[in-house]
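Observations on the model geometry
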Amino acid sequence: MKYILNPSTDPHWNMAFDEFALENLQVEEPVFYLWQNAPSVIIGLNQSAYAEVNLPFIEEEGIILARRVTGGGAVYHDLGNLNYSIVGPIDTMGDAKYLMTGALIQMGLNAERSGRNDIFVDGRKCSGYARRLYKNRMMIHGTLMWDVNLETLTKALSVPGSKLEAAGVASVRSRVANLKGYLSQYADIQEFKEGLHRIFADVDEEIDLTQEELDGVTRLAREKFRSWSWNYGRSPETTFQKTVKFPCGSVTAHYTLDHGVFSVILFSGDFLGARPASELADQLLGKRPEDLAVLPVSEFFDGLSAIDLSTLFQ
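Let me begin by describing the structure that accompanies this report.

Rules behind the numbers
Residues numbered from 1 in each chain as written. Predicted model: local features only at pLDDT ≥ 70, side-chain atom pairs only at ≥ 80, totals over all residues. Heavy atoms only, no water. Helix = DSSP H or I, 4+ residues; strand = E, 2+ residues; numbered from the N terminus. Buried < 20%, exposed > 50% of the residue type's maximum accessible area, 1.4 Å probe, protein only. Areas by Shrake-Rupley, 256 points an atom, 1.4 Å probe, with all protein chains shown as cover. Lys, Arg positive; Asp, Glu negative; His and termini not counted. Charge placed at Lys NZ, Arg CZ, Asp CG, Glu CD. Axes fitted to C-alpha atoms, helices over the stretch in contact; angles between N-to-C directions. Parallel < 35°, antiparallel > 145°, perpendicular 65-115°, else oblique. Left-handed = near helix turned anticlockwise from the far one by under 90°. Contact = heavy atoms within 4.5 Å. 1 Å grid on protein atoms, 1.4 Å probe; cavity = no way out; pocket = protein on both sides within 12 Å on 5 of 7 lines; lining within 4 Å. Points joined across faces, edges and corners; volume = space filled by probe spheres on them. Nonpolar A, V, L, I, M, F, W, Y, C, P; charged D, E, K, R; others polar.

Thoughts on the overall build of the chain
Regarding its fold elements, the chain presents 11 helices and 13 strands. Considered along the principal axes of its C-alpha atoms, the chain spans approximately 75 × 45 × 30 Å. Taken across its 314 residues, the chain has 51% of its residues classed as buried. Total accessible area on the chain is roughly 14,800 Å²; 49% of this is exposed by carbon and sulfur atoms. Of note, the chain has its 29 positive side-chain charges centred 4 Å away from the centre of its 41 negative side-chain charges.

As structure tokens, this is what we get:
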């Protein structure tokens, strides 16, 4: 296959590049590109960032949140992960979803497709993929875990109080596999990447994008894929309940976030405050959780700051 070189490790730019390639590349046969992301959590098109991601953890660690243009679940990327995308006319993409499994087998692995969109090696998941259609074109993209930090992966995708958090790192390790342990012929992820490139490209040529096209990707990243409205505001309606014991008493927040803003919120508990907490709840309707920072929280919850109360929404 012909190929594109994409040296970017910017998750938002790379999400934009996928959409731009699908909607704008004029090719008669499939083309591919291999790429990597800096530490990031990539959520599926239809997922809620608030329900799927440990937002306090990724913010503290400087891990980027990005939303992709395909469905499926949330995944953690770092520079120990290699991603691939294949784009082409629908009528030429019949075998595209089998290509990566075949390439791994060619490398000597006991690889097989499993379920809807996973690739397993010796019974452990090493890859997941998804697809999107646009007019007469299709894109398939996926991950390949080479040497991903599994502890960070677990924490980033463990929403506080979730079953995954309770299961811990050991359960994740039992389900997934880093390919580094299976492919000793490659010294590092760069050699692994070059090996895959040789299998897919053979002697085919590189497709060079114009500066105008690259500027188009940058603009798309800035206007769409870096925006709060895309990464957070697109989140579907999600309902939560959380209780925290504060010096003023126990506070339970019952709330619903719809496209990233409060559509329902109720405070209950044995807490003390000079003003009814229902008034604060009314002020929060239609606002984002981070908007709490500018409200007089201590008037409703004795001695509490906005930062303290915000733990109810993390």
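Quick look at unusual backbone geometry
In this structure, D122 is a non-glycine residue whose phi angle is positive, near 50°. Judged by relative accessible area, D122 falls into the partly exposed class, the value being 47%. Residues other than glycine seldom take positive phi values, yet K135 does so here, at roughly 55°. Assignment of secondary structure puts K135 in the loop between β9 (124-134) and β10 (137-145). Taking relative accessible area as the criterion, K135 reaches 69% and is therefore assigned exposed.

Here we look at the packing of helix α4 (residues 96-106) against helix α7 (residues 189-201)
Running from N to C, α4 and α7 point in directions that differ by 115°, and their axes come no closer than 10 Å. Relative to α7, α4 is oriented roughly perpendicular. The way α4 lies across α7 gives a crossing that is right-handed. For the pair formed by α4 and α7, the contact residues are L99, M100, A103, L104 and Q106 on the first element and F192, L196, I199 and F200 on the second.

A closer look at the layout of surface pockets
Its volume calculated, the largest pocket comes out at about 660 Å³. What lines the largest pocket is a set of 33 residues, and nearest its centre among them are G73, A74, V75, K125 and G128. Those elements giving two or more residues to the lining of the largest pocket turn out to be β5 (75-77), β6 (81-89), β8 (118-121), β9, β10 and α6 (163-175). The biggest single contributor to the lining of the largest pocket is β9, with six residues. Considering only residue class, the lining of the largest pocket consists of 16 nonpolar, 12 polar and five charged. Here the second largest pocket defines a volume of roughly 530 Å³. Forming the walls of the second largest pocket are 23 residues, and the residues nearest its centre are P56, P289, S310, F313 and Q314.

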